[in-house]
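# Summary of the model geometry
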Amino acid sequence: MKKFNYLLTVLFLVTSVSAQQNIGKKHLQLNINCKTCHTCDVPTKNEPCLVTCPRERIATVYQKPEETPELIVINELVKRYSPVYFSHRIHAQMSAMGGGCEGCHHHNTTGPILKCNSCHEPNRKRENISLPDLKGAYHRQCMDCHREWSGETGCNSCHVPLKDYKPEKKEVIQKRYAGKEHPVILEPTKLVYETNSAKGKLVTFYHDDHSKKFGISCISCHKQESCSKCHGVNRVTDNKPIKVDTKNTFEEQHRNCISCHSKNEDCSKCHSDKVLAPFDHYKSTGWALNKYHINLSCAKCHGSKLPYKKVDNQCISCHQGWNNENFKHSVTGLQLDEMHSELSCEDCHLENNFAIKPSCTNCHDDYSYPKQKPGKVVGKK
Amino acid sequence: MPGKSRRDFLKKSAIIGAGITGLSTSTAKAGPKNILSPDRMGVLVDTTVCVGCRNCEWACKDAHNLPAGNLESYEDRKVFEKKRRPDHTALTVVNEYSPGKNSNMPVDVKVQCMHCDHPACVSACIVGAFSKQENGSVIWDTDMCIGCRYCMVACPFQVPAFEYHKALHPDIMKCDFCFERTKEGKLPACVEICPVEALTYGPRTELVRVARERIKKNPDRYIDHIFGEYEVGGTSWMYLANKDFSELDFPKLGDKPAPGVSESIQHGIFAYFVPPVSLYALLGGIMWISKRRKELEEELK
């Protein structure tokens, strides 16, 4: 009997341990931060200290605004006013260039979104006064922006006094924000600034070149943008240069520029007395971008590392897969006629140098490129 | 013999003088309460957080039974066009100033009694009506107040106001740090209502620590100065800001407390009217003596 008991215990221990290990293995494969599901540091089988459901879709600070809750009811401190209905999703979209999720959900772990009251105490009379209390924390999040772009500090712009509160209000508000999104932010093409520098007052900044061609993401410059950047009352809509009058130091003022451009670059590259022309690949490098290359981001050819690596003008430097057999001449915009398609490249492109004009005079006396073409033009160059 | 009579006179006046000093020292002991408790409370006003909603103005009036009106009327920002001072109708007011460093938002500054650690009003009050309490508040006894307004003159922040409209019962009025509320364990009314907790209530030592931490963590946000930490020997209410305090209408004050030396003398002179009465008695006595002497001299002639 004793032996049997002993066996049973061993069996139980083995199964329980192996069961735990199985779960553990699964966890490891999933590669999830423990804090995603567990609230304590060492969860055990008996005390898993799991976070409250629903756990299948836990919001983190790494989610897209579109995946976040549309409406959140803030009803933790209701004394004078009714609960606040906060249109979360639209605010999340707005904050994309103002610090993202972490702008409000600051000091959040990589795990689930922490509730504000896990740090900010609901009681104003408290021991630890180094953090604002819950009421203060909520209001600072809202009012920092709201007072800046609307100048409003009145309570009733967000709150409904308890006496005027009607319970059906929630549905009305839910409807109002259903599917509503922040409009797509229109990007300026060109911005001209009038600075207070002694030489070269005007700075021309080609915004879409930087974002589209140079492939710089919005948030690499627009990190802590406030709503008033667009919604401000003093927004300039005419085409006059934007006045920049600041006491900032050189570094502070050029922070965004010198993160790519060297600090010691020639000032006249951006500063001038007149509005400057945009970057022209032909003028700067002697190699014009054709219709296929013009829409590429710089990094596609020059690599993403700065300073950009130099690329020679040989096609096969980039198009390494091209050879005599598989090259279709029509990609250049010129479909060779039957006669010419039989020729080898070198017959027209002397010494296989594709950067210089093809020569017709090798075979023809009275033909010249580009006046006469050895085939059909299939696309505009 | 004029020499002899002068000696007599000096002797007599010395005795009476000693009597007065004796009296005044004994009364000075029962002078104003001036406690500087290490656990005294205070408020840290972070003007970089304040949004200028003026809810504190409303709550203050409401707590002190002053006509307050409704809260919505305080949303009117036109009041900021003029700089205001606390008076008998409003014990605290918020003023607005142009933006400070690294901000394009105006600076809003709440003004009220600073509740000095070494209050000049307590020192100046000739009847000892003012007192610094254990919890840090500087309050006064309306029943003792004789309306001399010395406190108004003495205050380095020009805070105490005077209710002129009640001729028979004039009142000095100023922020009392919600003495009655805090006694019941409540927060001061302004601290309680502040939506953004620009006003942090806590032990003064702790507030200084918090303020230093904020400056250290956000050097771009604040200037490196806690107003009230050292000014006039320290105040219970302290301020953080992102521009020089002189630009926010704060007076430029030294670290030395308002004169405390004069305190005991002044209180001695006026306490319970005993010293003035004795002074007049002394003068009367001298007058009587000299008159009597003259009479005697005339008789001798």
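Predicted model only: the values in this text are computed from it and were never measured.

Within chain A, the regular secondary structure consists of 15 helices and eight strands. Sequence-distant contacts in chain A: of pairs separated by 6 or more residues, those separated by 24 or more amount to 55%. Total accessible area computed for chain A in this model is approximately 28,500 Å², and 57% of it derives from carbon and sulfur atoms.

So, on to the side chain of His159(A). Looking at the secondary structure, you find His159(A) in the loop between helix 4 (134-149) and helix 5 (169-177). By relative accessible area, which is 18% here, His159(A) ends up buried.

Okay, the pattern of salt bridges next. One pass over the structure, following the stated rule, counts 21 salt bridges over all chains. For the salt bridge of Arg214(B) with Asp46(B), the shortest nitrogen-to-oxygen distance reads 2.9 Å. One end of the pair, Arg214(B), is in helix 7 (residues 204-217); the other, Asp46(B), is in strand 1 (residues 41-46), and 168 residues separate them in sequence. The exposure class assigned to Asp46(B) is buried, which follows from its relative accessible area of 0%. Between Lys132(B) and Asp117(B) there is a salt bridge whose closest N-O contact spans 3.5 Å. Highlighted residues: Lys132(B) in strand 4 (residues 130-132) and Asp117(B) in the loop between strand 3 (107-111) and helix 3 (120-124), separated in sequence by 15 residues. One exposure class covers both Lys132(B) and Asp117(B), and it is buried. Through salt bridges that share partners, Arg124(A), Arg126(A), Asp133(A) and Glu197(B) make up one connected network.

Our focus in this paragraph is a negative patch on the surface. A grouping of Glu295(B), Glu297(B), Glu298(B) and Glu299(B) is seen on the molecular surface, where their side chains present a negatively charged patch. Mapping Glu297(B) onto the fold places it in helix 9 (residues 274-300).

With that settled, consider helix 2 (residues 55-63) of chain B. Residues and elements named next belong to chain B. The buried count for helix 2 comes to seven of nine residues, which makes it a mostly enclosed element. Those residues of helix 2 that fall on the buried side of the exposure criterion are Asn55, Cys56, Glu57, Trp58, Ala59, Cys60 and Lys61. The secondary structure elements touched by the buried residues of helix 2 are strand 2 (93-97), strand 3 and helix 6 (189-193). Downstream of helix 2 by one or two residues, Asn65 has phi in the positive range, about 55°.

All names here are of chain A. The strand order 5-3-4-6 describes an open sheet built from four strands, whose pairing is mixed. Only two strands of the sheet have a single partner each, and these edge strands are strand 5 (242-243) and strand 6 (271-272). Pairing geometry for strand 3 (residues 190-194) and strand 4 (residues 202-206), over five bridges, is antiparallel. Residue Leu191 lies in a different strand from strand 4, and its bridge partner there is Phe205.

Moving on to the environment of Ser73(B). For Ser73(B), the location among the structural elements is in the loop between helix 2 and strand 2. The spatial distance from the C-alpha of Ser73(B) to the C-alpha of Arg54(B) is 9.8 Å, given a sequence separation of 19 residues.

The next thing to look at is a nonpolar patch on the surface. Residues and elements named next belong to chain A. On the surface, a nonpolar cluster with roughly 250 Å² of combined accessible area is contributed by Ile316, Trp322 and Val331. Tracing the backbone through its elements, the reader meets Val331 in the loop between helix 13 (315-318) and strand 7 (334-336). For Val331, a relative accessible area of 36% puts it in the partly exposed group.

What follows deals with the state of the cysteines. All names here are of chain A. Inspection of the entire model under this criterion finds one disulfide over all chains. Between the sulfur atoms of Cys40 and its disulfide mate Cys49 the distance is 1.9 Å. Residues Cys40 and Cys49 are joined through a disulfide that is left-handed, its torsion about the S-S bond being -70°. Cys40 sits in the partly exposed class, given a relative accessible area of 24%.

In this section: the interface of chain B and chain A. Counting from both sides, the interface comprises 33 residues of chain B and, opposite them, 22 residues of chain A. Considering only the side of chain B, the residues that lose the most area to chain A are Met105(B), Pro195(B) and Glu197(B), jointly responsible for 24% of the buried surface there. Measuring nitrogen to oxygen at the nearest pair gives 3.7 Å for the salt bridge that ties Arg124(A) to Glu197(B). When residues in the side of chain B that touches chain A are grouped by element, the largest group, six residues, is from helix 7 of chain B. Its residues assigned to classes, the side of chain B that touches chain A shows 17 nonpolar, six polar and ten charged.

Before going further, it helps to spend a moment on the side chain of Arg124(A). Mapped onto the secondary structure, Arg124(A) falls in the loop between helix 3 (101-104) and helix 4. Note on Arg124(A): relative accessible area 8%, which makes it buried. Reaching out from Arg124(A), the side chain makes a polar contact with the side chain of Asp133(A) at a distance of 3.0 Å. With residues up to four places along the chain from it excluded, the contact list for Arg124(A) reads Asp133(A), Lys135(A), Gly136(A), Leu187(B), Val191(B), Glu192(B), Ile193(B), Cys194(B), Pro195(B) and Glu197(B).

Our focus in this paragraph is the sheet that holds strand 1 of chain B. Residues and elements named next belong to chain B. Here three strands make up an open sheet; going across it, the order is 8-1-9 and the pairing mixed. Pairing within the sheet leaves two strands with one partner each, and these edge strands are strand 8 (199-203) and strand 9 (237-240). Strand-to-strand, the axes of this sheet are offset by a mean angle of 25°, without reference to chain direction. Where strand 1 and strand 8 come together, five bridges link them in antiparallel fashion. Opposite Met41, over in strand 8, you have Pro203 as the bridge partner.

All names here are of chain B. With 14 residues, helix 7 extends 20 Å from end C-alpha to end C-alpha; this agrees with the ideal 20 Å at 1.5 Å per step. Restricting attention to buried positions, one finds in helix 7 the residues Arg204, Leu207, Val208, Val210, Ala211, Arg214 and Ile215. Relative to the axis of helix 7, the buried residues are bounded by an arc of 165° and lie together on one face. Of the residues in helix 7, the exposed ones pointing more than 90 degrees away from the buried face are Thr205, Lys216 and Lys217. For helix 7, the elements touching its buried residues are strand 1, strand 8 and strand 9.

What follows deals with the packing of aromatic side chains. Residue and element names in this part refer to chain B. Within the structure shown, the criterion is met by eight aromatic pairs over all chains. Measuring from centroid to centroid gives 4.8 Å for Tyr239 and Phe250, while their planes differ by 70°, and the two rings are edge-to-face. Placement of the pair is Tyr239 in strand 9 and Phe250 in the loop between strand 9 and helix 8 (261-270), with a sequence separation of eleven residues. In this structure, Tyr239 and Phe250 share a single accessibility class: buried.

Let's shift gears to the pairing of strand 3 of chain A. Across two bridges, strand 3 of chain A lies against strand 5 of chain A in parallel orientation. The residue bridging Tyr193(A) from the neighbouring strand is Ile242(A), located in strand 5 of chain A.

In this section: the nonpolar core. The tendency in soluble globular proteins is for nonpolar side chains to be buried side by side. Among the nonpolar cores identified, the biggest contains 39 residues, and Val43(B), Phe157(B), Leu199(B), Trp237(B), Tyr239(B), Phe245(B) and Leu248(B) are the most heavily contacted of them. Mapped by element, the contributors of at least two residues to this core are strand 1, strand 2, strand 3, helix 6, strand 8 and strand 9 of chain B. Ranked by residues supplied to this core, first place goes to strand 1 of chain B with three residues. The residues contacting Trp237(B), other than those within four sequence positions of it, are Val43(B), Val45(B), Lys110(B), Gln112(B), Cys113(B), Met114(B), His115(B), Phe177(B), Cys190(B), Leu199(B), Phe227(B) and Gly228(B). By size, the runner-up hydrophobic cluster in this structure holds eleven residues, among which are Ile129(A), Ile215(B), Tyr222(B) and Ile226(B).

Thresholds applied
Each chain carries its own residue numbering, running from 1 in the direction its sequence is written. Here the convention is simple: chains get letters from A, ligands get numbers from 1, in the order in which they are written. Given that the model is predicted, a residue must reach a pLDDT of at least 70 before its local features are reported, and side-chain atom pairs must reach 80 or more before they are shown or counted; all residues, however, enter totals for whole chains, interfaces and linings. Based on all heavy atoms of the structure, the side-chain values leave hydrogens and waters out of the count. Only runs of H or I of at least four residues qualify as helices and only runs of E of at least two qualify as strands under DSSP, and these elements are numbered from the N terminus. Note on contacts: a residue pair qualifies if any of its non-hydrogen atoms lie within 4.5 Å across the two residues. Areas reported as accessible are Shrake-Rupley estimates using a 1.4 Å probe. Residue values count occlusion only from the protein chains shown. Relative accessibility thresholds used throughout: buried, under 20% of the residue-type maximum; exposed, over 50%; partly exposed, between the two (1.4 Å probe, protein chains only). What counts as a salt bridge is simple: a side-chain nitrogen of Lys or Arg found within 4 Å of a carboxyl oxygen of Asp or Glu. Patch members must show over 30% relative accessible area and no salt bridge, and they are joined within 9 Å when carrying like charges or within 5 Å when they are nonpolar side chains of Val, Leu, Ile, Met, Phe, Trp or Tyr. The charged-residue count follows a simple rule in which Lys and Arg add positive charge and Asp and Glu add negative charge, with His and chain termini not counted at all. Taken as the charge centre is NZ of Lys, CZ of Arg, CG of Asp or CD of Glu, depending on the residue. Any two strands between which DSSP finds at least two bridges are classified as paired. Put simply, a disulfide is two cysteine sulfurs that come within 2.5 Å. Put simply, buried area is how much 1.4 Å-probe accessible surface two parts lose in total, over both of them, once they are put together. Lys, Arg, Asp and Glu make up the charged group, whereas Ala, Val, Leu, Ile, Met, Phe, Trp, Tyr, Cys and Pro make up the nonpolar group; the residues left over, Gly among them, are polar. In protein, a polar contact requires one atom able to donate a hydrogen and another able to accept it; more generally it is a pair of N or O atoms within 3.5 Å, and residues adjacent in sequence count only if both atoms are side-chain atoms. Axis definition: a line fitted to C-alpha atoms, limited for helices to the stretch in contact. Angles are taken between N-to-C directions and run from 0 to 180 degrees. By this rule, a helix spans an expected 1.5 Å times one less than how many residues it contains. Here, the arc refers to the directions that run from the helix axis to the C-beta atoms. The pairing test for Phe, Tyr and Trp rings, Trp by its six-membered ring, is centres within 6.5 Å, and the orientation test on the planes gives stacked under 30 degrees, edge-to-face over 60, and tilted for anything in between. As used in this record, nonpolar core signifies buried Ala, Val, Leu, Ile, Met, Phe, Trp, Tyr and Cys residues forming a set joined through side-chain atoms within 4.5 Å.

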